[in-house]
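Spelled out, the chains give:
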Protein chains: 2
Amino acid sequence: MEKKLRTKDKILQASIALFNEVGERQVTTNHIAAHLGISPGNLYYHFRNKEDIVRQIFKEYAKLLETRIKPPAAEAEALDALAEYLDVVFELMWRFHFFYANLPDILARDRALQQDYARVQQGVLERVVSVLKALKAKAVIEIADEDIADFAHSIKLLVTFWISYLKTQAPDSPINQASVYQGVLKVLLLFKPYATAQARPRITKLQQHYAQLAMTEQTS
Amino acid sequence: MEKKLRTKDKILQASIALFNEVGERQVTTNHIAAHLGISPGNLYYHFRNKEDIVRQIFKEYAKLLETRIKPPAAEAEALDALAEYLDVVFELMWRFHFFYANLPDILARDRALQQDYARVQQGVLERVVSVLKALKAKAVIEIADEDIADFAHSIKLLVTFWISYLKTQAPDSPINQASVYQGVLKVLLLFKPYATAQARPRITKLQQHYAQLAMTEQTS
DNA sequence: GTCTATATTCCGATAGAC
DNA sequence: GTCTATCGGAATATAGAC
């Protein structure tokens, strides 16, 4: 019912677009204002500073993450739950990829954001662990209980820095949605050696599914 | 024979220390000069700008990397070659950890450094692949040939962003050498599910070895 | 809510004396 | 080789009119 974006929302939306396009660090409040055709003073009427903008964007991201990840139905296939999870995580990562393109730098400049991020990540870790345990319970993977937490961290690291890795490998070619989805394939490869013989063909099937999504463009 | 450091070398050494301590982005040419008790003008006599300093530091790093990694003796144990490799990589990573703490940002600001980094990484990737092939040939791990390159990328990603990951997880507690060595353990965990039954105990032994090194302080 | 104008701060970099 | 002095540039942020 609210078709009109208030200036505040326009600033947030334009900031996301600019950040994704040219990098958060390169975009100043002046750029954002100029891009929208408003004055810097106006922008500072709505936000205290750039940190404030980034913080609110992250809040929006975190809210989407929570909303979109439904607890898997008890009777659901464990592998389907994994796929659904990867879909949500990577889709949101694409929409806010500026954040992941320079995570340590962005966090280093804002303690409040740091706290917020840590809180969200704690939830993510628990989520990943529970997915791993479900996969083990359903005999999809075989893994020692004591290794689960470490493995979860490795997965999280891979996901978190996939975009950064792409940028270091090919800094010139811009990130696109297909290249982001190649990260899913890397995650699946991490799972593969843990897979039980019976589950392997189903993982292969998942791989093919995501290979499709990732094939639009060459990046790896 | 040359005990005295020339000003140029003192600048490089002080820069590395400051960068590691407070982050490359936060350190300006003024800070470096002030830290050494010399004038900014003097610094600019020796270096064109900060990029120039970072570039020369990277050159030094790359040279050390090449020098210290000897091609493994043909008769050597494949696992020993892996351990030696990990030792060198992580030790140098520790000495230059400012670089890895903000890699995408640093590279984004300097195309020449980008090229240099890409060149070095190409060599690293080939090296990792050859270690993996040796491990496979000696029946230490079991892996499909088609998966080797992808797996090598995953290892490289994990290693490259291990320090960044630490910083996002606990931005307050400073990085130390022990926490860096926990990255080695994460790498070994990646290998574990690929290990053949006969090799598993030797990998466990390696894990214990690095667990010792990583135990000085808690970080994970 | 929005604009114009401006104050401040800080960094990068150079000129010229010693 | 080193210093002092300084300028230009850019970004942050605010004051005050409309």
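Just so we're clear, the structure is a prediction, and the values are computed from it rather than from any experiment. (Residues numbered from 1 in each chain as written. Chains lettered and ligands numbered in written order. Predicted model: local features only at pLDDT ≥ 70, side-chain atom pairs only at ≥ 80, totals over all residues. Heavy atoms only, no water.)

A. Here's a closer look at the interface of chain B and chain A. Facing 33 residues of chain B, the contacting portion of chain A comprises 32 residues. Between chain B and chain A, a total of about 3,400 Å² is buried, with carbon and sulfur atoms accounting for 60% of that surface. Our enumeration of links across chain B and chain A arrives at 6 salt bridges. Among the ionic pairs, Arg111 of chain B bridges to Asp172 of chain A, the shortest N-O distance being 3.1 Å. Connecting chain B to chain A are 9 residue pairs in polar contact (both at pLDDT 80 or more). Breaking the side of chain B that touches chain A down by element, the ones donating at least two residues are helix H7 (103–108), helix H8 (111–137), helix H9 (145–160), helix H10 (162–169) and helix H11 (177–191) of chain B. Among the elements that make up the side of chain B that touches chain A, the one with the highest residue count is H9 of chain B (8 residues). Residues that form the side of chain B that touches chain A fall into these classes: 16 nonpolar, 8 polar and 9 charged. (Contact = heavy atoms within 4.5 Å. Buried area = accessible area lost by both parts, 1.4 Å probe. Salt bridge = Lys/Arg side-chain N within 4 Å of Asp/Glu carboxyl O. Polar contact = N/O pair within 3.5 Å; in protein donor to acceptor, adjacent residues only side chain to side chain. Helix = DSSP H or I, 4+ residues; strand = E, 2+ residues; numbered from the N terminus. Nonpolar A, V, L, I, M, F, W, Y, C, P; charged D, E, K, R; others polar.)

B. Structural view of the protein's contact with DNA strand D. Taken together, 14 residues sit near DNA strand D, with Asn49 of chain A together with Thr7, Ser39, Asn42 and His46 of chain B positioned nearest. Backbone atoms, meaning sugar and phosphate, form 69% of the atoms of DNA strand D found within 4 Å of the protein. In this structure, Thr29 of chain A approaches DNA strand D through a side-chain N or O atom, which is 2.9 Å from a phosphate oxygen. Asn42 of chain B is positioned with one of its side-chain polar atoms (N or O) 3.0 Å from a phosphate oxygen of DNA strand D. Of all the elements in the fold, those that place two or more residues in the surface near DNA strand D are helix H2 (29–36) and helix H3 (40–46) of chain A together with helix H3 (40–46) of chain B. Sorting elements by how many residues they give to the surface near DNA strand D places H3 of chain B first, with 4 residues. A class-by-class count of the residues in the surface near DNA strand D yields 3 nonpolar, 11 polar and no charged. (Near = heavy atom within 4 Å.)

C. Expanded view of the UniProt feature "DNA-binding region" (unreviewed entry) in chain A. Those residues carrying the UniProt feature "DNA-binding region" (unreviewed entry) are residues 28–47 of chain A in this numbering. Along residues 28–47 of chain A, the helical share is 75% and the strand share 0%, with 13 Å between the first and last C-alpha atoms. (UniProt positions renumbered as here; feature names shortened; annotations may be inferred.)

D. The protein's contact with DNA strand C, seen in detail. Looking at DNA strand C, there are 14 residues lining it, with Thr7, Ser39 and His46 of chain A together with Tyr44 and Asn49 of chain B nearest. Here a phosphate oxygen of DNA strand C and a backbone polar atom of Ser39 of chain A are 2.9 Å apart. At 3.2 Å from a phosphate oxygen of DNA strand C is found a side-chain nitrogen or oxygen belonging to Tyr44 of chain B. Of all the secondary structure elements, the ones that give two or more residues to the surface near DNA strand C are H3 of chain A together with helix H2 (29–36) and H3 of chain B. The element that contributes the greatest number of residues to the surface near DNA strand C is H3 of chain A, accounting for 4 residues. Class assignment of the residues belonging to the surface near DNA strand C gives a composition of 3 nonpolar, 11 polar and no charged.

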